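Remarks on the overall topology
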Amino acid sequence: MVVEIACNQWISCVNAYLGGANRIELFENLPDGGCTPSYGMIQKVKEEIQLPLYVMIRPRGGDFIYTSDELNLMLRDISICKTLGVDGIVFGVLNKDLQVDLDACKLLLDTWQNPNVTFHRAFDQTNNMLESIEKIIQLGFQRILTSGGKENVDYGKETIKTLQNQYGNDIILMPGGGVTPANGRSISNICGTNEIHATCKTFDNNKQTYFSSIQCVQNLVTSFF
């Protein structure tokens, strides 16, 4: 089982490593579902945390329909990730019809020139998941992060199972959204997947923000043994 921890600050990355995670997805702006982190944060994590690092490429919160200027920002962020030796990136672009934007995705992928790419939960907002997954496979994405088109994985697990059964040989399906140490193993067993994504977030009363705790990461990782 590959456990990916979504980290929104430095201490979260440290705790993901110490807790036994296999990979980090790095982002900022947790309340809006995640945006691209700073250059300094990416550089520090890549240099000091010995885990594969995937960086979210998302210029703002809200929907996943981007203007040409926003796409230009994403291209610049991807170039920065290449310069810093990032292992993978995470993004998703839709058009106004809530379909996968093939042209925009291809533009970003061509700039990245690396197979390590996750299509994030923009997938859950598409109007036809079967058509969308086929387009994402066609584009060459490595994996899809999904809650099965629902609010969380508990509600969407049967859909993820269906997608895994039909497309699991062509792309990695990674359940995410509401994954905890209490449900992680059962979600993976039901879906038949080999990767899982969680924030393992805990609220820091002093700083008034969420962070990934060592104990939660450890509990999630050990739940698979």
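Located above this text is the structure these notes cover.
These remarks concern the structure in this document.

Conventions adopted
- Residues numbered from 1 in each chain as written.
- Predicted model: local features only at pLDDT ≥ 70, side-chain atom pairs only at ≥ 80, totals over all residues.
- Heavy atoms only, no water.
- Helix = DSSP H or I, 4+ residues; strand = E, 2+ residues; numbered from the N terminus.
- Rg over C-alpha atoms; globule rule 2.2 N^0.38 Å.
- Lys, Arg positive; Asp, Glu negative; His and termini not counted.
- Charge placed at Lys NZ, Arg CZ, Asp CG, Glu CD.
- Buried < 20%, exposed > 50% of the residue type's maximum accessible area, 1.4 Å probe, protein only.
- Expected span 1.5 Å × (residues − 1).
- Arc of directions from axis to C-beta.
- Contact = heavy atoms within 4.5 Å.
- Phe/Tyr/Trp six-rings, centres within 6.5 Å; stacked < 30°, edge-to-face > 60°.
- Lys NZ or Arg CZ within 6 Å of the ring centre and 35° of its normal.
- Salt bridge = Lys/Arg side-chain N within 4 Å of Asp/Glu carboxyl O.

Details of the overall build of the protein chain
For the protein chain, the helix and strand inventory stands at 8 helices and 10 strands. Expected size for 225 residues packed as a compact globule is a radius of gyration near 17 Å; at 16 Å, the protein chain falls within 12% of this value. Dimensions of the protein chain, computed from the C-alpha atoms along their principal axes, are close to 40 × 40 × 30 Å. The centroid of the 18 positive side-chain charges in the protein chain is displaced by 3 Å from the centroid of its 24 negative side-chain charges.

Focus: the side chain of Thr118
Of note, Thr118 is situated in strand β5 (residues 117–119). Among the residues examined, Thr118 registers a relative accessible area of 1% and is labelled buried.

What about helix α3 (residues 68–83)?
Between its first and last C-alpha atoms α3 spans 23 Å; for 16 residues at 1.5 Å apiece the expected length is 22 Å, and the two agree. Considered for burial, the residues of α3 that qualify are Glu70, Leu71, Met74, Leu75, Ile78 and Cys81. Buried residues of α3 fall within an arc of 145° about the axis and therefore sit on the same side. Turned more than 90 degrees from where α3 packs its buried face, Asp69, Arg76 and Thr83 sit exposed. In this structure, the buried side of α3 is in contact with α2 (39–48), β3 (53–56), β4 (88–91) and α4 (102–112). Gly85 sits one or two residues past α3 and shows a positive phi near 75°.

A look at the packing of aromatic side chains
All told, the structure shown has 3 aromatic pairs when counted by the stated rule. When the ring of Phe119 is compared with that of Phe141, the centres are 5.2 Å apart and the planes differ by 75°; the resulting orientation is edge-to-face. Taken as a pair, Phe119 in strand β5 and Phe141 in the loop between α5 (129–139) and β6 (143–146) lie far apart in primary sequence, 22 residues in all. Among the residues examined, Phe119 registers a relative accessible area of 0% and is labelled buried. Chaining the aromatic ring pairs together yields one cluster made of Phe91, Phe119 and Phe141. Here the basic side chain of Arg23 rests over the ring of Tyr54, its NZ or CZ set 5.2 Å away from the ring centre. Across from the ring centre of Trp10, 4.4 Å away, lies the NZ or CZ of Lys44, which sits over that ring.

Focus: the pattern of salt bridges
Summed over all chains, the structure comprises 9 salt bridges. Glu4 serves as the salt-bridge partner of Arg23, at 2.6 Å between the closest nitrogen and oxygen. Of this pair, Arg23 sits in strand β2 (residues 23–26) while Glu4 is found in strand β1 (residues 2–7), placing the two residues 19 residues apart along the sequence. Exposure remark for Glu4: the relative accessible area of 1% places this residue in the buried category. By sharing partners, the salt bridges in this structure join Glu4, Arg23, Arg143 and Glu195 into a single network.

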